[in-house]
Amino acid sequence: MSQRKRVSVIPAVTCPPRNIVVFGESGVGKSSLVNLIAGGSIAATSSGAKGCTFHHKKYELQVDDTPYAIWDTAGLDEGSYGTVPAEIAEEHLKQLLRDLNRANGIHLLVYCIRATRLRKTLLSNYNLFYSAICRKKVPIVAVVTGLENYEEEMADWWNANETEFAMLKMHFDGHACVTTLNADKVNSPILKQRCHASREAVLSMIRSTCARDRWETEQDGWVSAALADVRGMFKPTRHHSTQPTPVVALYDLPEHSFDPIGSVKDTSPFEGGHLMDVGGSPLLVYRIRDQNLRSGTRFKKQVSSRGADLLIFCVSVHSDGGASRRRAAAFYGSYGGDTRPLLVVVRDALSDESAYEWWHARDDDEKPDSVDGDAPPNHTDARKLQAIVRALPPPGGTDDYKRVAIVKLQRTIQTRSLQPVDVAPTGCFGWLTGGRRPAKLATSTTLLEADSFTRGDVWVPWHAGRR
């Protein structure tokens, strides 16, 4: 009874609600999950009938005095990938994005998965919502349903199946293994206990992962980027098509870099892409120099029409924090950071926690709206860019710590890059680049030998014969 008092439906609040988008196949228990969160029946459950992709319903409620809006959204069903009417799905997607933008953006993605349905659409729906729509800019969690009769503890299901998600390079900021049965409609004391434990697990996960600040982006740019990727995902798969290689824009800031942004003229040739191996996965890495910092349009023309799939800003823990953040903001603004993930790597930090604290610390003389040179006025506070922050261990130290930190950084790069859309392969490297025609594809370390990731053993040159 006390649990139900914490949730009220459609409360009178002054602050906008945090938006939680629940997605997954039909019949996995999305509506039942909404009811579990609400502590009552506010969403009508179905018998598993298929709905149109991106069709959505909104439910407003309050948990622990915090207002939330739950968006129950239809994903792809088994067999529908490539067969959904494009014009209908696209119209539903446009409406969903417009409604979310007007409603204060997205704060959390919840992927609802049936424990008995680990099908091929598992990755398709993940890429569709997390990569194409949310641009990997918001937290994502998994809720595994249908575990009421699981022989072990419900939480043990994740331990037994976690490797399957890892093999697919699927990242989650949290997870809950639950039953969505209504506790008032079960007689078994064990099932009733599982129902109550499931609700508390989901609410606890929401409290710890739902972002306080929404992902801020301009609506037209977001809709354009999302539609472009969704259209690519909905295209019928070509025979002999290959998985395209993610493109990374790397800005490796020297420890002592005091030149004002834009003071160095862009007279040097644009540096070509380098095919690198990060933990067994290929990446096409483009090194951004100070003189290229204002060349976002040029970069896109040299690499591909969609630009980078991941922005990496690397900085030393011994650098000036304020100046580094302003440079990161300029990099973010020039290379489309509002619609692609930003990874901040702090060299010589002793842990991810210390890297995060350094990145978010404010210098005493740093003004909130200060700019360096002609930095974009809307992107001057790099700490609000929803960056993922990781540490790159200093040389020396214990081998075990360095190994763990490097593997974690490699996995972050692998899982946080946007999923490139599939295109026809061309050229001798077509199986790797998916048909992209970069300005200059290099496989040596001639131009990248001094970058922090090569020195730190995070990546190495990709060997052309490797497959």
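For the structure itself, look to the data block above.
Figured I'd write up the structure that's included with this text. (Residues numbered from 1 in each chain as written. Predicted model: local features only at pLDDT ≥ 70, side-chain atom pairs only at ≥ 80, totals over all residues. Heavy atoms only, no water.)

1. Some details on the pairing of strand 9 (residues 273–278)
Okay, step 1: Most of strand 9 is tucked away, with 6 of its 6 residues classed as buried.
Okay, step 2: Across 5 bridges, the pairing between strand 9 and strand 10 (residues 281–287) is antiparallel. Bridge pairing links L275 to L284 in strand 10.
Okay, step 3: Hairpin geometry of strand 9 and strand 10 is characterised by an intervening segment of 2 residues between the two adjacent antiparallel strands and by a positive phi of about 60 degrees at G279.
Okay, step 4: Note that strand 9 and strand 15 (residues 460–461) share 2 bridges and pair antiparallel. Its bridge partner lying in strand 15, M276 is registered against P461. (Buried < 20%, exposed > 50% of the residue type's maximum accessible area, 1.4 Å probe, protein only. Helix = DSSP H or I, 4+ residues; strand = E, 2+ residues; numbered from the N terminus. Pairing = 2+ DSSP bridges.)

2. Let's talk about helix 6 (residues 219–234)
Spacing of three or four residues puts side chains on the same side of an α-helix, whose turn is 3.6 residues.
Okay, step 1: Across its 16 residues, helix 6 extends 22 Å between first and last C-alpha, which sits within 8% of the 22 Å expected from 1.5 Å per residue.
Okay, step 2: For helix 6, the set of buried residues is W222, V223, A225, A226, L227, D229, V230, G232, M233 and F234. (Expected span 1.5 Å × (residues − 1).)

3. Focus on the side chain of R325
Okay, step 1: Here R325 is to be found in helix 8 (residues 321–334).
Okay, step 2: On the basis of relative accessible area, R325 is assigned to the buried category, the value being 1%.
Okay, step 3: Side-chain polar atoms of R325 contact the backbone oxygen of W359, separated by 3.2 Å. (Polar contact = N/O pair within 3.5 Å; in protein donor to acceptor, adjacent residues only side chain to side chain.)

4. Focus: the pattern of salt bridges
Okay, step 1: Taken as a whole, this structure holds 12 salt bridges when the rule is applied.
Okay, step 2: E60 is the salt-bridge partner of K58, the closest N and O atoms lying 3.4 Å from each other.
Okay, step 3: You can call E60 partly exposed: its relative accessible area is 32%.
Okay, step 4: With its nearest N and O atoms 2.8 Å apart, the salt bridge here joins K408 to D352. Pair noted here: K408 is in helix 10 (residues 399–416) and D352 is in helix 9 (residues 352–360), with a separation of 56 residues, a long-range link.
Okay, step 5: On the accessibility criterion, K408 (42% relative accessible area) is partly exposed.
Okay, step 6: A relative accessible area of 18% means that D352 is categorised as buried. (Salt bridge = Lys/Arg side-chain N within 4 Å of Asp/Glu carboxyl O.)

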